[in-house]
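Summary of structural features
So the chains spell out like this:
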Amino acid sequence: MSNIGPILLALLQAVVLLALAPFFTGMSRQIRARMHSRRGPGVLQDYRDLVKLLKRQSVAPEASGFVFRGMPYLMLGVMFVLAMALPVFTRQSPLSPVADIITFAYLFALSRFFFSLSGVDSGSSFAGLGGAREAMLGILVEPFMILSLLVVALVEGTTSIGALGSGIGNGYGQCPLAILLAMVAFGFAMFIEMGKLPFDVAEAEQELQEGPLTEYSGSSLAILKLGIGLKKLVVAQFFIGVFLPFGAIGANPGVMDVVIAVVALPVRLAVLFALAGLIENSMARTRYIMTSKVTWVGFGVAALSFVFYLAGL
C-alpha cells in the first residue's frame, strides 16, 4: 500500500501536463500571431481542434504498415510515461526507477525514431522527407543534450533526475559555472525540441517540422498532435525540474509549500513558453541546411561546461 501514493502522484502530474499541453501550444501560436500583428485563433483553439479530430474517422494510406498506425499511440504513451517520471510538484520523482537521465534519453530517442520511421512507412515521399529531416535533427541535438546532462550528473554524482534537482535546489555550490553552462546548453536543446525557428517554419508547419504528419487524419492525428504537444511540456518541465527546481515541494512540506508548488507549475511553464516564443519570433529565418552550423554552438557550450567541470569551476 505504501507504493500507491507515489503512483497516484505520478498519474496526477502526467494527467495535468497532458491537459495543459493544448493550452501551451495555443499560447505559442497566440504569441506568434501577436508579434506578427495578427489577432490569432486564440489559446483554446487546439482544444477545439482535438475535439473535432477525435470525432472523425482515421484513414491510413494503403501502402502504410503497422509502424504508421501504431506510432501515435507510442508517441503519446512514451511522453505520458516521461511525464509520470518527472519531478513536477516535488523535487523527487514519484517513479524513481524510470526517472534517470539515461532512460530519459533513450525514451526520447525511441519516440523520435518511430516518428521519423512513420513518415517512411506511410508510403508518401513528402512524409518520408519530413521523417529524414526529423532523424537528422535528432543527430544534431541529442549529443549536446546528453553531454549537458552528463556534466550535471558528474557534479552531483548521480543520474537520477530527482536527485539532480534536489542537489541543484540546495544551491550551485559545486562547479557553478559548469552547471550554468550546462543549463544554457540544455536550454538550447529544449528550444530545438519545442520546434522553434530556425528548426521549424513558423507559418507552414506541415512543410518541414510536421512532415511525418502529412498522411495522418482524424483521431490518429489528434492523438499524435496531443503527444507532440505533451513532448514540448515534458522537455520544458525536465529543464525546470533539473536546473530550476525552486518552488517544488521538498522534504516535510507544509500546506503553503503545496500551494506554491501547484501555482508555480503553470507559471514557470508559461514563462518558458513565452521566452521561447519571443526568441523564436525575433529571429530571422534561415535555410534548414544551415541548422547544423547553429547546433554546433550548443555543442560548444556543452563541451565548455565539461571543461569547467574538469577544472572545478
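So, a few notes on the structure that sits alongside this text. (Residues numbered from 1 in each chain as written. Predicted model: local features only at pLDDT ≥ 70, side-chain atom pairs only at ≥ 80, totals over all residues. Heavy atoms only, no water.)

1. Overview of the overall build of the protein chain
What counts is decided by this rule: The helix and strand labels rest on DSSP assignments: H or I over at least four residues marks a helix, E over at least two residues marks a strand, and numbering proceeds from the N terminus. Exposure classes here rest on a 1.4 Å probe applied to the protein chains alone. A residue is buried below 20% of its type maximum, exposed above 50%, and partly exposed in between. Every residue pair with non-hydrogen atoms within 4.5 Å of one another is taken to be in contact.
Per the secondary structure count, the protein chain includes 10 helices and zero strands. Each helix and strand of the protein chain, ordered N terminal to C terminal, gives the series α-α-α-α-α-α-α-α-α-α. Of all 313 residues assigned to the protein chain, the portion counted as buried reaches 52%. The contacts in the protein chain between residues at least 6 apart in sequence include a share of 81% that link residues at least 24 apart.

2. Thoughts on a nonpolar patch on the surface
The condition that has to hold: Patches were defined on residues exceeding 30% relative accessible area and lacking a salt bridge, with like-charge contacts within 9 Å and nonpolar side-chain contacts (Val, Leu, Ile, Met, Phe, Trp, Tyr) within 5 Å. Under the convention used here, a 1.4 Å probe and the Shrake-Rupley method define accessible areas, while residue burial counts only the protein chains that appear. For salt bridges, the criterion is a side-chain nitrogen of Lys or Arg within 4 Å of an Asp or Glu carboxyl oxygen.
A contiguous nonpolar patch, built from M35, M256, V259, I260, V263, V267, V271, L275 and L278 and spanning about 770 Å² of accessible area, is present on the exposed surface. Ranked by residues supplied to the nonpolar patch, first place goes to helix α9 (residues 255-280) with eight residues. Along the chain, V267 falls in helix α9.

3. Quick notes on the nonpolar core
Selection criterion: Put simply, a nonpolar core is a bunch of buried Ala, Val, Leu, Ile, Met, Phe, Trp, Tyr and Cys residues held in one set by side-chain atoms that sit within 4.5 Å of each other.
Of all hydrophobic cores here, the largest spans 82 residues; its most connected members are F238 and F243. The dominant element in this core, judged by the number of residues it contributes, is helix α8 (residues 218-243), at 16 residues.

4. Things to note about the side chain of S118
Tracing the sequence through the fold places S118 in helix α4 (residues 101-121). Residue classification places S118 among the buried positions, given a relative accessible area of 0%.

5. Regarding helix α10 (residues 291-311)
One full turn of an α-helix is made of 3.6 residues, so residues set three or four places apart face in the same direction. Test applied: An expected span of 1.5 Å times one less than the residue number is assigned to each helix. The directions considered for the arc are those from the helix axis to the C-beta atoms.
Here α10 spans 31 Å end to end across 21 residues, near enough to the 30 Å set by a 1.5 Å rise per residue. Of all the positions in α10, only T291, T295, G298, V301, A302 and S305 are classed as buried. End-on, the buried residues of α10 take up no more than an arc of 105 degrees, which puts them together on one face. For α10, exposure combined with an orientation more than 90 degrees from the buried face picks out K293, W296, V297 and L310.

6. A short note on the environment of G229
Mapping G229 onto the fold places it in helix α8. Considering only alpha carbons, one finds G229 and M194, 35 residues apart in sequence, at a separation of 8.7 Å. Ignoring sequence-local partners within four residues, the contact set of G229 consists of A21 and T25.

7. As for the side chain of R112
Heads up, the condition is: Any pair of nitrogen or oxygen atoms within 3.5 Å is treated as a polar contact; in protein, a donor-acceptor pairing is required on top of that, and neighbouring residues in sequence qualify only through side-chain atoms on both sides.
Relative to the helices and strands, R112 resides in helix α4. Here the side chain of R112 touches E193 through a polar contact of 2.3 Å, side chain to side chain. Beyond its immediate chain neighbours, meaning those up to four positions away, R112 contacts E134, L137, G138, V141, E142, E193 and K231.

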